[in-house]
Amino acid sequence: MASHIVGYPRMGPKRELKFALESFWDGKSSAEDLQKVAADLRSSIWKQMADAGIKHIPSNTFSYYDQVLDTTALLGAVPPRYGWNGGEIGFDTYFSMARGNASVPAMEMTKWFDTNYHFIVPELGPDVNFSYASHKAVEEYKEAKALGVDTIPVLVGPVSYLLLSKPAKGVEKSFSLLSLLGKIIPIYKEVISELKAAGASWIQFDEPTLVMDLDSHKLQAFTEAYSHLESTLSGLNVLIETYFADVPAEAFKTLTSLKGVTAFGFDLVRGDKTLDLIKGEFPKGKYLFAGLVDGRNIWANDLSASLSTLQTLEGIVGKDKLVVSTSCSLLHTAVDLVNETKLDQEIKSWLAFAAQKIVEVNALAKALAGHKDEAFFSANAAAQASRKSSPRVTNEAVQKAAAALKGSDHRRATNVSARLDAQQKKLNLPILPTTTIGSFPQTIELRRVRREYKAKKISEEEYVKAIKEEISKVVKLQEELDIDVLVHGEPERNDMVEYFGEQLSGFAFTVNGWVQSYGSRCVKPPIIYGDVSRPNPMTVFWSSAAQSMTARPMKGMLTGPVTILNWSFVRNDQPRFETTYQIALAIKDEVEDLEKAGINVIQIDEAALREGLPLRKSEQAFYLDWAVHSFRITNCGVQDTTQIHTHMCYSNFNDIIHSIIDMDADVITIENSRSDEKLLSVFREGVKYGAGIGPGVYDIHSPRIPSTEEIADRINKMLAVLETNILWVNPDCGLKTRKYAEVKPALSNMVAAAKLLRTQLASTK
Ligand SMILES: Nc1nc2c(c(=O)[nH]1)N[C@@H](CNc1ccc(C(=O)N[C@@H](CCC(=O)N[C@@H](CCC(=O)N[C@@H](CCC(=O)O)C(=O)O)C(=O)O)C(=O)O)cc1)CN2
Ligand SMILES: [Zn+2]
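These figures come from a predicted structure and were not determined experimentally.

Here is what the cut-offs are and how they apply
- Residues numbered from 1 in each chain as written.
- Chains lettered and ligands numbered in written order.
- Predicted model: local features only at pLDDT ≥ 70, side-chain atom pairs only at ≥ 80, totals over all residues.
- Heavy atoms only, no water.
- Buried < 20%, exposed > 50% of the residue type's maximum accessible area, 1.4 Å probe, protein only.
- Helix = DSSP H or I, 4+ residues; strand = E, 2+ residues; numbered from the N terminus.
- Pairing = 2+ DSSP bridges.
- Right-handed = clockwise from strand over helix to strand, strands pointing away.
- UniProt positions renumbered as here; feature names shortened; annotations may be inferred.
- Donors = N, O, S within 2.8 Å, 3.2 Å for Na, K, Ca; no water.
- Salt bridge = Lys/Arg side-chain N within 4 Å of Asp/Glu carboxyl O.
- Near = heavy atom within 4 Å.
- Polar contact = N/O pair within 3.5 Å; in protein donor to acceptor, adjacent residues only side chain to side chain.
- Areas by Shrake-Rupley, 256 points an atom, 1.4 Å probe, with all protein chains shown as cover.
- Nonpolar A, V, L, I, M, F, W, Y, C, P; charged D, E, K, R; others polar.

Attention now goes to the pairing of strand β19 (residues 643-648). Across the six residues of β19, six count as buried, placing the element largely inside the fold. Side chains Gln 643, His 645 and His 647 of β19 all project onto a buried face; the interleaved residues Ile 644, Thr 646 and Met 648 project onto the opposite face, where all are buried too. Here strand β18 (residues 601-605) runs beside β19; their pairing, made up of three bridges, is parallel. Paired with Ile 602 across the two strands is Ile 644, which belongs to β19. A crossover links β18 with its parallel partner β19, the connecting element being helix α23 (residues 620-635), and its sense is right-handed. Here β19 pairs with strand β20 (residues 667-670) via four bridges, running parallel. Paired with Thr 646 across the strands is Ile 668, a residue of β20.

Spelled out as structure tokens, the structure:
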């Protein structure tokens with residue numbers, strides 16, 4: 001019985017790649033240093049899988065930044081503005097596309113399906129001259145082979161690549177990205193041929209777009225693509241891997257009829273309906289890669305349940321055609337539980353990170369082949385049982401309160417325009433008020449202070465003093481810049497989700513449970529294992545201190561329930577909405593405590609609301625309903641004069657704008673500048689929006705400093721579609737990843753642009 005891993009985290013157990021990348025970008029180390037760290041990481045991962053007994057070990061799932069960008073490099077699809085002149089694509093061009101450089105902004109970055117991973121969006125048009133410009137897939141295959149590991153090379157499939165692209169600037173709206181299929185297939189043929197020549201016997205194409213609701217035209221593209229590749233693929237075993245949801249019935253038919261394909265991979269964790277399709281009809285003689293070990297979470301697999309599913313599948317496809325696999329790439333889970341020395345032992349026994357999941361996959365494959373490791377299975381069964389019955393999981397009062405929420409609407413009593421009037425009387429803001437999203441740069445010094453406090457190397461007194469000093473610096477800076485609504489800068493927070501998780505009951509934490517979010521940036525999602533409650537106020541102390549330092553309004557800064565849910569490892573023993581309602585009640589208490597403490601503006605970030613939208617349309621309305629409801633629960637109890645802000649990033653809102661309006665926030669700040677101002681098109685199409693809105697005026701994910709003119713130009717574009725009196729001026733997102741050398745001039749230009757427009761508007765009145 002064979003085993004397979006869809007993909008593996010690249011950052012390393014201690015984020016070795018992150019540090020190597022950042023040091024290279026800062027000019028502190030050489031390209032060779034970076035390549036050495038990368039090669040060591042790859043070899044240790046391959047060896048680890050080989051030692052565990054995995055049969056199909058993936059290669060080319062390593063990336064210096066992103067696997068979609070790697071595919072863009074493979075195809076030589078570099079946008080002309082990066083000045084690439086052909087030849088093998090090197091670090092310069094590659095990282096310029098990813099991060100921008102002094103003269104050119106970065107390519108667009110967006111969410112990878114419904115995960116917290118971000119990919120670089122290919123920009124394509126009829127004039128792109130595709131060429132085979134990165135041999136990375138072949139080099140990595142050979143590298144593994146030289147280490148004695150014969151791998152299954154992984155490529156982003158041609159159709160998903162095109163479906164995830166966008167038309168380049170200036171390209172006609174009517175241009176069909178799929179029309180480029182004929183141009184990229186020859187490049188895929190080149191790389192497949194080289195892989196074959198290097199000795200590969202298997203190849204994996206990731207085609208996750210197959211889980212979306214694709215029309216027949218798009219499905220047809222799969223049929224076309226793989227029939228063109230058929231002759232080149234002959235002699236190879238070809239796996240098409242899908243993940244993140246069920247494959248719809250139509251797509252399942254198309255997929256399983258593809259020519260030249262010999263194996264199909266399915267996510268059987270998020271997609272429980274696919275099992276029925278397989279039971280209904282699965283092509284004879286083809287391999288089924290059964291993704292039963294969850295790549296998106298940290299819970300230990302229920303091995304006996306998985307084994308019984310596998311036994312059913314074995315009856316359908318036959319013993320020699322069933323392969324045990326992960327539900328998706330392990331990129332989306334933490335790396336190795338071995339490095340968690342501080343976790344409670346009982347909770348630890350419930351968990352499995354990437355390294356442990358490999359062992360689970362292998363144990364299942366062995367058990368199916370009749371070599372069940374009884375000790376391993378019975379330890380697993382004991383852990384499953386302890387998790388089900390552990391008293392630390394349940395809090396009956398919380399369950400009752402959350403259950404009582406259903407059915408009610410939780411709306412503020414007054415409508416938004418009346419509320420905004422009442423708030424303006426109190427706040428007295430100019431038109432085009434300026435603000436920021438919350439965080440200010442997280443300096444090395446700041447991280448050191450937090451770390452030393454956590455390690456008890458400095459006292460609470462010293463810690464409070466240091467953080468207050470930082471807040472005071474940030475407040476002074478904002479006053480000097482003449483920003484209207486201030487923030488405290490979030491210096492006490494490691495991360496906007498982890499920070500709240502640390503203060504809520506029902507959450508556990510890891511020390512090294514990092515997951516890549518984009519490029520070198522990682523997050524450490526807290527683990528929600530039990531019912532959630534708030535033992536004490538979480539932010540009131542710092543927000544009141546900050547407000548006392550200024551006469552200007554200071555925004556209280558909270559993370560909303562849907563975002564806390566979506567950016568945590570969440571329980572899989574109750575529906576997501578139940579967990580969210582529990583978090584909503586905790587945040588509601590915090591909102592009300594902030595109001596009592598005299599904070600008049602409170603921002604409740606729902607950065608990940610869009611991200612959690614189910615991939616399949618049939619499930620979206622239900623999600624939006626409870627997600628928006630949870631947000632309203634948090635602030636339905638405040639006075640009219642308390643101004644509720646929310647913030648969202650990386651969002652494509654056109655399809656959910658009505659839900660956003662239904663959140664009924666007083667002001668919303670939204671990412672906008674790195675996605676071609678797609679957001680504004682919603683309003684151009686006539687959607688009425690009466691609340692305050694601040695579409696980001698510059699991209700904070702790039703080190704580039706925007707000029708006053710550029711920002712003024714952006715604001716003008718917004719004024720063309722939005723009423724002057726509702727528009728706010730702010731960056732796209734928080735500033736924590738930037739340096740002060742970037743933030744000061746950028747914000748100064750932002751305020752200058754707002755003032756310029758205020759003057760212009762006053763003179764044209
Ligand atoms: N959860 C989440 N998801 C999100 C976002 C977000 O802000 N949070 N933003 C969007 C974009 N994604 C982002 C993801 C990560 C970061 C980011 O800045 N991450 C930091 C993590 C920094 C962090 O939390 N650090 C901790 C831990 C400190 C630390 O790293 N300590 C040292 C030493 C530890 C010791 O000696 O004990 C280490 O572990 O190396 C802290 O500052 O307190 C990074 O990768 O650099 C930014 C945006 C979308 N998704
Ligand atoms: Zn954001």
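Below, the discussion takes up the UniProt feature "domain: Cobalamin-independent methionine synthase MetE N-terminal" (unreviewed entry) in the chain. Within this numbering scheme, the UniProt entry marks residues 3-315 as carrying the feature "domain: Cobalamin-independent methionine synthase MetE N-terminal" (unreviewed entry). Within the segment residues 3-315, helix and strand shares are 41% and 13% respectively, and the terminal C-alpha atoms sit 18 Å apart.

Moving on: the coordination of the zinc ion (ligand 2). For the zinc ion (ligand 2), the full set of protein donor atoms is His 647 (NE2), Cys 649 (SG) and Cys 733 (SG), at a range of 2.1 to 2.6 Å. All donors of the zinc ion (ligand 2) come from a single chain, and their spacing in sequence reads H-x1-C-x83-C. Of the two residues, Cys 649 is situated in the loop between β19 and α24 (657-662) and Cys 733 in the loop between α26 (708-719) and α27 (740-764); the sequence distance between them amounts to 84 residues. Cys 649 sits in the buried class, given a relative accessible area of 7%.

Under the counting rule described, the total for this entry stands at 48 salt bridges. Lys 136 is the partner of Glu 140 in a salt bridge, and the nearest nitrogen-oxygen pair spans 3.3 Å. Linking Glu 140 with Lys 136, this pair stays in helix α5 (residues 136-146), spanning four residues, or about one helical turn. Judged by relative accessible area, which is 4%, Glu 140 ranks as buried. A salt bridge links Asp 531 to Arg 571; the nearest nitrogen and oxygen atoms lie 2.9 Å apart. Pair noted here: Asp 531 is in strand β16 (residues 527-533) and Arg 571 is in the loop between α21 (561-566) and α22 (576-596), with a separation of 40 residues, a long-range link. When sorted by exposure, Asp 531 lands in the same class as Arg 571, which is buried.

Quick look at the site of ligand 1 now. Residues in close proximity to ligand 1 total 22 residues, the closest being Lys 18, Asn 116, Arg 450, Asp 495 and Lys 736. A distance of 2.8 Å separates an oxygen atom of ligand 1 from a polar backbone atom of Cys 522. Lys 736 is positioned with one of its side-chain polar atoms (N or O) 2.5 Å from an oxygen atom of ligand 1. Coverage of ligand 1 by the protein chains reaches 80% of its 980 Å² of free accessible surface. Of all elements in the fold, only α1 (16-25), α17 (444-454), β14 (515-518) and β15 (521-523) reach the threshold of two or more residues within the shell around ligand 1. Split into classes, the residues belonging to the shell around ligand 1 amount to seven nonpolar, six polar and nine charged.

Before going further, it helps to examine unusual backbone geometry. Backbone geometry places Asn 60, a non-glycine residue, at a positive phi of 65°. Structurally, Asn 60 can be placed in the loop between β2 (57-59) and α3 (67-74). One non-glycine residue, Leu 432, lies in positive phi territory at about 45°. Position of Leu 432 relative to the elements: it lies in the loop between α16 (416-427) and α17. Judged by its relative accessible area of 0%, Leu 432 falls in the buried class.

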